[in-house]
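Spelled out, the chains give:
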Amino acid sequence: MSLQPLPMLPLLLELGTEELPVKALPGLAQAFFDGVLAALDKRGVAVERGDARPLHSPRRLAVLLPGVATEQPAQSTEVLGPYLNIALDAEGKPTRALEGFAAKAGVDWTQLQKTSDAKGERFVHRAVTPGAQTRDLLQAVLDEALAGMPIPKPMRWGDHAYGFARPLHWLVALFGDEVVDLTALGIRAGRHSRGHRFMHAGEVAINAPGDYVDALRNAKVLVDPDERRARIVQEVERAAREAGGQARIDADNLQQVTCLNEWPVAVACAFERDFLAVPQEALVATMETNQKFFPVLDAGGRLTEHFIGIANIESKDESQVRKGYERVIRPRFADAKFF
């Protein structure tokens, strides 16, 4: 007789923080994701991962799993007892050894089973106990995942003894469409996340884990880093084409810009052509390393006076953002030209 598979529900855990360190963000998200999976696996809780992967933005780390078993599988145990020649006397009545074994197992000796090995026949106690409910295990799962995260210099806030990469402000924990009563770093879980810091007022209610990505997108947060990265590439390439060139998209620069933004918007900028007398490598390094801008090249691969900045907002007056980006680049280019 085959066992019926345990029912499954989607699971969402989100840690809402102040802006996390850019270079550490992907690693923190991966560690949180791996820690949750490892803690569930340790407890024998089945998981359907599907295409699940770490989700993150500058203000959050999230684990979204399509299917998690609602309980542990039944736990089977087998405890070997005394051999028959020790367990029963000459009249076939239980000895103190057998009675003690049965008492320890919590059953009458007549309920014990028998098994055989190379030394002969012996008593054995077999039992099947139902597994624990997964929602009752999730606090320990969350605690272990947090404890295993690589945070070399935890930040402390208030008068608390605990610390984290950045202060925690909210916690979402949904198993199916129900909130799980969890706590982390002094915050009790609910179903309310938060949208973009400037473009969305108030909280964002998450009705079920499957709604999470769309609900945040509607609140101007792209929580999927792959979606955010693809949008940046698309925006930068479009702006570069409109400037008559092609964007230089360095992988490391793209990764950092992805971790700096929740709702990336490309802003086309330009600097004075006189600066092109400076060696191209110096200008490109200044734009990419110091300012996280994307240079624009001509058809021959030569640097042009155009560059693309990525704003974390849909500005009502983009010209002001452009002026700011152009203003900040000039002193650095002037230093490069001087030296």
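What counts and how
Residues numbered from 1 in each chain as written. Predicted model: local features only at pLDDT ≥ 70, side-chain atom pairs only at ≥ 80, totals over all residues. Heavy atoms only, no water. Core = buried A, V, L, I, M, F, W, Y, C linked by side-chain atoms within 4.5 Å. Buried < 20%, exposed > 50% of the residue type's maximum accessible area, 1.4 Å probe, protein only. Helix = DSSP H or I, 4+ residues; strand = E, 2+ residues; numbered from the N terminus. Contact = heavy atoms within 4.5 Å. Axes fitted to C-alpha atoms, helices over the stretch in contact; angles between N-to-C directions. Left-handed = near helix turned anticlockwise from the far one by under 90°. Nonpolar A, V, L, I, M, F, W, Y, C, P; charged D, E, K, R; others polar. Salt bridge = Lys/Arg side-chain N within 4 Å of Asp/Glu carboxyl O. Pairing = 2+ DSSP bridges. Polar contact = N/O pair within 3.5 Å; in protein donor to acceptor, adjacent residues only side chain to side chain.

*Asks:* Where do I start with the nonpolar core in this structure?
*Replies:* Nonpolar side chains in soluble globular proteins tend to end up buried together. Among the nonpolar cores identified, the biggest contains 42 residues, and Phe32, Val36, Leu40, Leu61, Leu65, Met149 and Phe164 are the most heavily contacted of them. Take this core: its biggest share by element is 10 residues, from helix α1 (residues 25-42). Apart from the residues lying within four places of it in its own chain, the contact partners of phenylalanine 164 are Leu15, Thr17, Leu61, Leu146, Met149, Ile151, Pro154, Met155, Trp157 and Leu185. By size, the runner-up hydrophobic cluster in this structure holds 17 residues, among which are Val267, Val284, Phe293 and Tyr325.

*Asks:* Can you help me understand the packing of helix α6 (residues 225-242) against helix α7 (residues 251-260) in this one?
*Replies:* Relative orientation and spacing of two packed helices are given, respectively, by the angle between their axes and the distance between those axes. Where α6 meets α7, the closest approach of the two axes is 9 Å, and the angle between their N-to-C directions is 115 degrees. The chirality of how α6 crosses α7 is right-handed. Residues Pro225, Arg228, Arg229, Ile232 and Val233 of α6 touch α7, and the partners they reach there are Leu254, Gln255, Val257 and Thr258. Grouping the amino acids of the contact of α6 with α7 by side-chain chemistry returns five nonpolar, two polar and two charged.

*Asks:* What is the right way to read the environment of glycine 190 from this model?
*Replies:* Tracing the backbone shows glycine 190 in the loop between β11 (187-188) and β12 (192-194). Once the C-alpha coordinates of glycine 190 and alanine 205 are considered, the two residues, 15 residues apart in sequence, prove to be 9.1 Å apart. Glycine 190 has contacts with Leu171, Val172, Ala173 and Val179, leaving out every residue within four places of it along the chain.

*Asks:* Hey, could you run me through the pattern of salt bridges in this one?
*Replies:* If the charged atoms of two oppositely charged side chains come close together, the side chains can form a pair. On inspection of all chains with the given rule, the structure shows 23 salt bridges. Ionic pairing is found between glutamate 235 and arginine 238, a salt bridge with its closest N-O pair at 3.5 Å. Placement of both glutamate 235 and arginine 238 in helix α6 is noted, with a separation of three residues, approximately one turn of the helix. Salt bridges sharing partners connect three or more residues here, namely Arg53, Asp224, Asp226 and Arg229.

*Asks:* Explain the sheet that holds strand β5 (residues 75-83) here, please?
*Replies:* In a beta sheet, neighbouring strands pair by backbone hydrogen bonds and run either parallel or antiparallel. In spatial order, the strands read β5-β7-β6; together these three strands make up an open sheet with antiparallel pairing. Edge positions in the open sheet fall to β5 and β6 (113-117), since each of these has one partner strand only. Direction aside, neighbouring strands of the sheet carry axes that sit 40 degrees apart on average. Across seven bridges, β5 lies against strand β7 (residues 120-129) in antiparallel orientation.

*Asks:* Explanation requested: the sheet that holds strand β15 (residues 265-270) in the structure shown.
*Replies:* Sheet architecture is open: four strands sit in the order β14-β16-β17-β15, paired in antiparallel fashion. The two strands at the open ends of the sheet, each matched to only one other strand, are β14 (246-247) and β15. Pairing geometry for strand β16 (residues 294-297) and strand β17 (residues 303-311), over three bridges, is antiparallel. By the bridge assignment for β17, leucine 297 is matched with leucine 303. Set on the sheet, α6 makes contact with β14, β15, β16 and β17; between it and β15 the angle comes to about 30 degrees. Sitting on the sheet, helix α8 (residues 280-290) touches β16 and β17, and the angle it makes with β17 is about 5 degrees.

*Asks:* Where do I start with the environment of glycine 244 in this structure?
*Replies:* One can find glycine 244 in the loop between α6 and β14. When the C-alpha atoms of glycine 244 and arginine 166 are compared, they prove to be 42 Å apart, with 78 residues separating the residues in sequence.

*Asks:* When you look at α7 in this model, what are you seeing that I'm missing?
*Replies:* Because the α-helix completes a turn every 3.6 residues, residues three or four places apart line up on one side. Of all the positions in α7, only Asn253, Leu254, Gln256, Val257, Thr258 and Cys259 are classed as buried. Residues of α7 that are buried make contact with α1, β3 (55-57), α6, α8, β16 and β17. Capping of α7 at its N-terminal end is provided by aspartate 250; its side-chain oxygen lies 3.1 Å from the backbone amide nitrogen of aspartate 252.

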